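Okay, here's what each chain looks like letter by letter:
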Amino acid sequence: MARILWFNTVLLLSLMDSPGTGASRLYTEGDPVVILSSSNIKPTITNSSSAWMLQFYSSWCGHCIQYSSTWKELAQDVRDWDQAIRIAVLDCAQEDNFDICKEYGIHFYPTFRYLGAHSRPGDLGTTYRGADREIQTVRQLMINFLQNHTKLDRPDHCPSLEPYSSVELLPLLGQRSDHYTAFIIEEPQSYIGREVILDLVRYSGVVVRRALATDLPLVERVGITAFPSAYLLFPNGTHTHLHVHKRLRSFFSSVLRSLSGVQLKQVEDRKSGPGKKGVLTDPQPADSWRDFDSSKVYMADLESALHYLLRVELATHNTLQGEELKIFKDFVTIVAKLFPGRRCVLRVMETLLDWLVNLPVERVPYQAVLDLLDNKMRITGLFLGAELRWVGCQGSRAGLRGYPCALWTLFHILTVQYQARPNALANTALEGDPVVVLQVMRHYIRTFFGCDQCGSHFEQMAAESLDRVSSSQEAVLWLWNQHNRVNSRLAGSLSEDPLFPKSPWPSPSLCTSCHEEKDGVHIWNQEKVLAFLSQHYGAGNLSPQHLASPPPQSSQGEDSWQLGGGQRQQALKEEVLDGREGGKLGGGGGTRAGVRLESGSGGWILGFTSVDMSLCLLLYVCSCLLLMLLFFFFKIRSRRWKLRHNRLYV
């Protein structure tokens with residue numbers, strides 16, 4: 001018995017000290033929680049400008065492990081409240097945290113503590129002892145806790161959550177201001193108004209007030225009969241009832257965030273820590289701004305993504321060989337077969353694919369790829385614009401959104417197109433795999449995407465769950481879900497555009513039926529989401545607005561420069577071979593040992609290179625010799641035949 005007890009004790013201690021069972025097991029830096037320890041808990045919480053909801057847990061506690069997903073969902077649900085109250089965790093199973101857990105009097109796991117804003121050293125907080133720990137209950141308790149603050153110790157950026165009276169609100173009707181004002185009118189026991197107020201804490205340009213349905217002068221004046229409802233005051237003094245499709249918290253918050261001029265406040269960056277500000281500087285000039293409809297997908301974004309990917313990102317690789325070349329071929333294959341773009345762009349990708357598939361070499365210089373993209377062979381009908389024209393993916397200033405947004409859009413388009421046309425990849429060695437687009441995306445991002453950390457995060461997400469995707473429909477939903485996870489992780493970082501905050505997508509204004517609530521918690525209707533994604537990223541929803549126009553083709557160009565498939569492939573192969581033999585991966589003058597690719601140079605004659613002319617001359621000489629041999633052969637044979645049949649017989 002003593003040996004068994006000794007063994008159990010050793011096993012328990014090993015579990016407690018194991019790094020795999022600490023905070024890194026239940027909560028990671030990618031989760032929307034603040035991970036505290038004995039070294040940072042007091043500096044973080046003492047005299048903090050926000051309140052705290054802290055869970056003391058143990059990584060070996062079975063209930064803590066099961067509850068971790070609920071705690072993460074709660075933190076995600078109230079992520080916009082962090083200027084008023086923040087969600088944190090501390091693992092008491094870590095040996096370094098033993099003393100701090102003892103100091104806070106933690107005896108059972110999990111233990112929940114509320115710690116007020118501007119708390120003094122030695123303040124151990126208030127323990128929540130309720131049995132109901134579901135998201136809606138804890139969220140409402142957090143609101144009650146915030147309301148228990150006095151005006152003096154209330155969090156710095158937490159607005160008033162108390163209801164306003166008609167005496168305070170009615171005089172605002174008809175007044176001009178520099179912001180919107182929204183009244184959320186609800187029943188006294190409702191929490192929706194307070195939740196919407198906290199949802200909008202991080203946003204400027206709108207002020208949300210709460211009022212009660214029992215305030216009859218206000219209700220009669222604005223003409224509201226159903227609750228909860230919202231009444232909106234515009235900056236110009238006009239006012240009206242705010243229409244929402246469903247009377248849910250998520251719908252009220254989404255509509256208010258989407259108002260023109262409402263954007264994220266310039267506040268301290270939550271991800272980077274103190275001292276770094278998410279300040280909007282260097283705004284995009286007004287004359288370069290392109291108006292767009294968020295319900296559309298713009299082909300200009302997709303073509304700009306291909307241009308940047310092929311001409312900028314790929315250019316960092318001087319040569320493509322081995323695994324890199326295979327990944328690039330697979331990427332070109334799915335784009336050439338699935339991209340629902342203009343014919344001139346498709347011809348570029350198809351020509352590039354034909355060339356890569358028929359190459360007799362295993363090492364391709366990037367300069368050869370670039371020459372084809374720039375159409376130096378002057379093949380009619382090939383064009384991929386060489387400039388960035390962001391429309392739906394444009395940011396409020398340079399460096400925000402742009403290429404990452406367009407790359408996500410491109411792969412959403414490809415997954416939806418593969419779902420709609422599963423036979424498009426027939427005879428490409430990629431057919432039959434429902435996750436082929438995701439796998440190609442995974443390999444491309446890991447190999448070529450310029451952001452190394454982003455690639456690592458995507459690889460981690462793919463390793464976690466991609467093997468559980470078994471159909472093309474699930475592939476569409478998987479990519480959508482991972483995109484929302486990334487947006488959640490990056491929300492509040494310096495890369496977030498204040499004009500386009502990272503929030504769950506699609507918004508209620510784009511897809512009303514996609515959003516539902518269960519027990520006060522937002523949930524997605526997966527069936528409706530799939531239908532929306534299929535429509536939104538379908539070929540019929542692509543807008544050609546703001547596209548770059550191909551250069552006009554001259555008659556001489558059409559007559560002289562149009563090469564057949566065999567001539568085109570032969571010339572491109574010769575270019576690669578010449579590049580390899582000459583030892584040059586890219587030339588400043590554009591001239592190589594064999595084929596010259598500039599129009600107007602001495603190497604071109606009526607569309608043929610000097611190599612082509614030499615081959616033609618050689619063929620001409622051989623043909624002449626063959627004809628001469630045939631002539632003499634038949635001449636001699638004819639003479640012999642005449643002698644044989646014209647003899648005189650006696």
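Computed from a prediction, not measured in an experiment: that's the story for all the values here.

Attention shifts here to the overall build of the protein chain. Helices and strands together make up the secondary structure of the protein chain, namely 22 helices and 19 strands. Counting all 650 residues of the protein chain, 47% fall into the buried class. Within the protein chain, contacts between residues separated by at least 24 positions form 74% of all contacts whose residues are at least 6 apart in sequence. Carbon and sulfur atoms form 54% of the exposed surface of the protein chain, whose accessible area is close to 32,600 Å².

Here we come to the packing of helix H12 (residues 322-338) against helix H13 (residues 343-358). Remark: H12 packs on H13, axes separated minimally by 9 Å, with the N-to-C direction vectors making an angle of 140 degrees. In terms of their interaxial angle, H12 and H13 are classed as oblique. By crossing handedness, the relation of H12 to H13 is classed as left-handed. The segment H12 lies against H13, with Leu325, Phe328, Lys329, Val332, Thr333, Val335, Ala336 and Lys337 engaging Leu346, Met349, Glu350, Leu352, Leu353 and Leu356. For the contact of H12 with H13, the residue count by class is 10 nonpolar, one polar and three charged.

Applying the stated rule across the entire model yields four disulfides. Through a disulfide, Cys92 is tied to Cys101; the S-S separation comes to 2.0 Å. Between Cys92 and Cys101 the sulfur-sulfur dihedral comes to about -95 degrees; the bridge is accordingly left-handed. What makes Cys92 buried here is its relative accessible area of 4%.

Tallying each qualifying case throughout the model produces 19 salt bridges. A salt bridge links Asp31 to Lys72; its shortest N-O distance comes to 3.6 Å. One end of the pair, Asp31, is in the loop between helix H2 (23-26) and strand E1 (34-36); the other, Lys72, is in helix H4 (residues 62-77), with 41 residues separating them in the sequence. Taking the relative accessible area as the measure of exposure, Asp31 reaches 15% and is therefore buried. Given a relative accessible area of 25%, Lys72 falls into the partly exposed group. Here Arg139 ties to Glu195 by a salt bridge, and the two come within 2.8 Å at their closest N and O atoms.

This part covers the nonpolar core. With 92 residues, the main nonpolar core has Phe328, Ile334 and Leu352 as its most contacted residues. It is helix H15 (residues 403-420) that provides the largest number of residues to this core, a total of 11 residues. The contact partners of Leu352, leaving out residues within four places of it in the chain, are Phe328, Val332, Val369, Leu372 and Leu373. Counting residues in each nonpolar core, the second largest holds 55 residues, with Ala75, Ile85, Tyr191 and Leu198 among its members.

Each aromatic ring pair is summarised here by two numbers: the centre-to-centre distance and the angle between the ring planes. On inspection of all chains with the given rule, the structure shows 23 aromatic pairs. Each ring, one from Phe331 and one from Tyr444, has its centre 5.2 Å from the other, and the planes form 25 degrees; the classification is stacked. Here the residue Phe331 occupies a position in helix H12, and Tyr444 occupies one in helix H16 (residues 436-447), the gap between them amounting to 113 residues. Taken together, the ring pairs in this structure connect Trp289, Phe292, Tyr298 and Phe500 into an aromatic cluster. Note that Arg194 overlies the ring of Tyr191, its terminal NZ or CZ placed 4.1 Å from the centroid.

Here the focus is the pairing of strand E3 (residues 85-91). Burial runs high along E3: six of the seven residues are buried. Looking at chain direction, E1 and E3 are connected through three bridges and run parallel. In the strand pairing of E3, Ile35 is matched with Val89. Inspection of the sheet shows strand E2 (residues 51-57) paired to E3 by seven bridges, in the parallel sense. In the strand pairing of E3, Gln55 is matched with Val89. In terms of handedness, the path from E2 via H4 over to E3 forms a crossover that is right-handed.

Before going further, it helps to examine H13. A rise of 1.5 Å per residue sets the reference length of H13, with its 16 residues, at 22 Å; its end C-alpha atoms lie 22 Å apart and thus fit the reference within 8%. Along H13, the residues that are buried comprise Cys344, Val345, Leu346, Val348, Met349, Thr351, Leu352, Leu353, Trp355 and Leu356.

Basis of the calculations
Residues numbered from 1 in each chain as written. Predicted model: local features only at pLDDT ≥ 70, side-chain atom pairs only at ≥ 80, totals over all residues. Heavy atoms only, no water. Helix = DSSP H or I, 4+ residues; strand = E, 2+ residues; numbered from the N terminus. Buried < 20%, exposed > 50% of the residue type's maximum accessible area, 1.4 Å probe, protein only. Contact = heavy atoms within 4.5 Å. Areas by Shrake-Rupley, 256 points an atom, 1.4 Å probe, with all protein chains shown as cover. Axes fitted to C-alpha atoms, helices over the stretch in contact; angles between N-to-C directions. Parallel < 35°, antiparallel > 145°, perpendicular 65-115°, else oblique. Left-handed = near helix turned anticlockwise from the far one by under 90°. Nonpolar A, V, L, I, M, F, W, Y, C, P; charged D, E, K, R; others polar. Disulfide = S-S within 2.5 Å. Salt bridge = Lys/Arg side-chain N within 4 Å of Asp/Glu carboxyl O. Core = buried A, V, L, I, M, F, W, Y, C linked by side-chain atoms within 4.5 Å. Phe/Tyr/Trp six-rings, centres within 6.5 Å; stacked < 30°, edge-to-face > 60°. Lys NZ or Arg CZ within 6 Å of the ring centre and 35° of its normal. Pairing = 2+ DSSP bridges. Right-handed = clockwise from strand over helix to strand, strands pointing away. Expected span 1.5 Å × (residues − 1).

These values are about where atoms sit, not about what they do.
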